[in-house]
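# Observations on chain architecture
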Amino acid sequence: MGLFEGHMRVEKQDLHPTSSAGMYPLLHTVSNSLGLGYGSFNPVLKERTIFPSFYRIDPSEVPQYLGIIRLLLHFHWNWIGIIAPDDDSGENFIQALKPMLEQNNICVEFTQRTLSEISRYYISASKDVNQAIALSEAKAKVVVVSGDSNAIRNLILPLLKYKVKIERTLEKIWIVTSQWEFAAVGLFFQWRAVETFHGALSFRGHASDVPGFHSFLRTLDPHQPHGDVFLKAWWGHVFRCLFRKPSDFLGGLKNCRGKENIENLPPFVFEMSMNGKIYNVYNAVYSVAHALHAMYTFGAQRRMMGNGKWLLDVQPWQILASLRSTQFNNGAGEEVFFSENDKRSAGYDILNLAFFPNQSSAQVKVGRMDPRAAPGKDFIINADAIVWATQKLPSSRCVESCSPGYNRKVIEEEQRCCYDCKLCLEGTISNHTDADHCVPCSEDQYPNKNKDQCISKNITFLSYQDILGIVLASLALLLSLITALVLATVIKYQDTPIVKANNRKLSYVLLISLLLCFLSSFLFIGQPTKITCLLRQIVFTVIFSVAISSILAKTLMVVVAFMATKPGNMARELLGRQGIKSIVLACPLLQVITSALWLGTSPPFPNLDFHSLAKEIIVECNEGSIIMFYTVLGYVGFLALVSFMVAFLARKLPDSFNEAKFITFSMLIFCSVWVSFVPTYLSTKGKSMVAVEVFSILASGAGLLGCIFLPKCYIIFLRPDLNSRDQLLRNKKYRNLNF
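Residues numbered from 1 in each chain as written. Predicted model: local features only at pLDDT ≥ 70, side-chain atom pairs only at ≥ 80, totals over all residues. Heavy atoms only, no water.

The share of residues in the protein chain with pLDDT of 70 or more is 78%, and the mean pLDDT across the chain is 79. This stretch, residues 1-32, has a pLDDT under 50; its non-local contacts, to residues over four places away or in other chains, come to 87 contacts. Across residues 731-739 the pLDDT falls below 50, and counting only partners more than four positions away or on other chains, this stretch makes 13 contacts in the model. (pLDDT = per-residue confidence, 0-100. Contact = heavy atoms within 4.5 Å.)

With respect to topology, three strands assemble into an open sheet ordered E25-E27-E26, the strand pairing being mixed. Sheet topology places strand E25 (458-460) and strand E26 (605-609) at the edges, where each strand pairs with a single neighbour. Strand-to-strand twist of the sheet, defined as the mean angle between neighbouring strand axes without regard to direction, takes the value 25°. Bridging between E26 and strand E27 (residues 616-622) involves five bridges; their strand directions are antiparallel. Note on E27: the bridge partner recorded for Asn607 is Glu620. (Pairing = 2+ DSSP bridges. Helix = DSSP H or I, 4+ residues; strand = E, 2+ residues; numbered from the N terminus. Axes fitted to C-alpha atoms, helices over the stretch in contact; angles between N-to-C directions.)

On to the environment of Ala289, then. Along the polypeptide, Ala289 turns up in helix H10 (residues 276-297). Residue class for Ala289 comes out partly exposed when judged on its relative accessible area of 30%. Each C-alpha atom of the pair Ala289 and Thr326 lies 9.7 Å from the other, and the pair is 37 residues apart in sequence. (Buried < 20%, exposed > 50% of the residue type's maximum accessible area, 1.4 Å probe, protein only.)

Attention now moves to the pattern of salt bridges. What the rule picks out here adds up to 13 salt bridges. For the salt bridge of Arg113 with Glu91, the shortest nitrogen-to-oxygen distance reads 3.0 Å. Of this pair, Arg113 sits in strand E6 (residues 107-114) while Glu91 sits in helix H2 (residues 88-103), placing them 22 residues apart in sequence. A relative accessible area of 31% places Arg113 in the partly exposed class. Arg504 is the partner of Asp495 in a salt bridge, and the nearest nitrogen-oxygen pair spans 3.0 Å. (Salt bridge = Lys/Arg side-chain N within 4 Å of Asp/Glu carboxyl O.)

This is the structure in structure tokens:
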């Protein structure tokens, strides 16, 4: 079985879990047709029809891409650059990442490609210093970099030359993928090269601590490699020494003693902990071992070797079938298995690379991306633990963020990350930065002053706790009391001439209807209910119809009394007592029929009005049919207009106690109030609208009460001498009496 890294294939002779530090363990050759791969390789190897026996041992890269997106979103970076190798792997990386960036409103300012071949590295690096200069001129402060250990070498030297030329480090935040190996850089570069990536954030495949691994590394001895042919070469590179005899020329390099302490190597050269790739290879080796053990246990064919040992005689497809069903817990206690489509969703650790002036360094774990974790815990980042190259959290945006209360307006011919901030329209909010759209508040809420939060609306209606409600209720109660006193007075003095004049029964009807009108005002005060909504307009209009009808009848009585004195006049026969009663009954009856039709078709009902007032919910009575509402109201107005016209024409008739002039004034007040009511009612909202109607009821009723009955009370209480039959016959003297 071969191990693939990119397009390279190598073999190893034993199944020891880790046989070299810095060079990854290699798998035992079982068959030329079965392969386990890790790292960057041609995507065609994923095709099962072409390579049915190839398995990738490292996890899917999709969680890593998601982790990059989550990292950018967490720090509000939406203006970035991308650097990737100039090969198929770099193209695949860009094609996979860019759609995810676009979906999350992250824009790419530039995309640069680096050489991935080592052979061209030294030739091109000195010429590519312009690449670093272009990076320095870019507005994006965050650069996402992908590539293997070869590609990193083709980027670091231009950055190093830039530092020497400009005498300062290129202050960018590098986000590097797990394919990069900083440990490999230490084989070729010195401290000044790698410190260019101070503050970088690096993704690395998750690895758990395997018991005994650290102790195993401490026992490594280049003089006893145990078959590891790379150990001596690697040892000489990292410790800058040679394995030579004392007599050999060392070229200024010291002789390797084999006692050098690998724990003193900086982390970017060598790690004493198991990293993601080693961990994946470790799991792959044991997976194959478990697969072979299962085949051996279940009686796979074996054949005797020359040394007397048995060897399993199996085909690659048999191993593959066993490998698919292999599932076990490794030495770290984690479950290991191979999925059919190589989509194992292992997590990634996020490391912060820090290089300090004393030439010490650290790789600190500052976060984790684990798609298998519960929502809310799948991405964790500790921003306080990050060492930034810019000393503080940098901003990498095309424009500054739009504050809550604003939404983004994309500028034409610019990327969507370059936008203007527009204040939310009335009734809408945005409660987070860089909102694409402002959203309306729910019906029972309204935006605050900054338009970044919705506030619950207050429920409002004309209540007895409001000052306006208290004033109107007190006024209605006072007028009701006054009306009751006037009614009692009229009843007490019912046999006096001034009360008997113009039909005292009509006076009773008028006073009782006025009393009920004042009391009907209480149907408008308080929270509307189904009963009050049904009654308020009906009761008010019917009672007012009775009041106006009685006034009309009073006025007609004056006209009849005058015209009856003329010879041959038929008015007395036409408008006698029965005619007057018919007017009082017929006019309200027509209003009752109209009201019944209203209640039968579209009756009023309680309603919540969320839209008339921005900050309040109005508890109101919906009239059901606005046409019927204005019909019954218009009928009252029509009766009032007829009464006014008749009273106006009869105001100068010769009668001692002629009420026509007072009725004229009362109807003038009545009509003025209700003519003013209509525009005022339509221009107000909420409890003010109800208050306008209540006030109109009280004002018009008070006008009728005052103009018609105040003069009578004046004569009864203050001028009793005028309240006599003799005065009634002396028309001329009192014809012009001004009460």
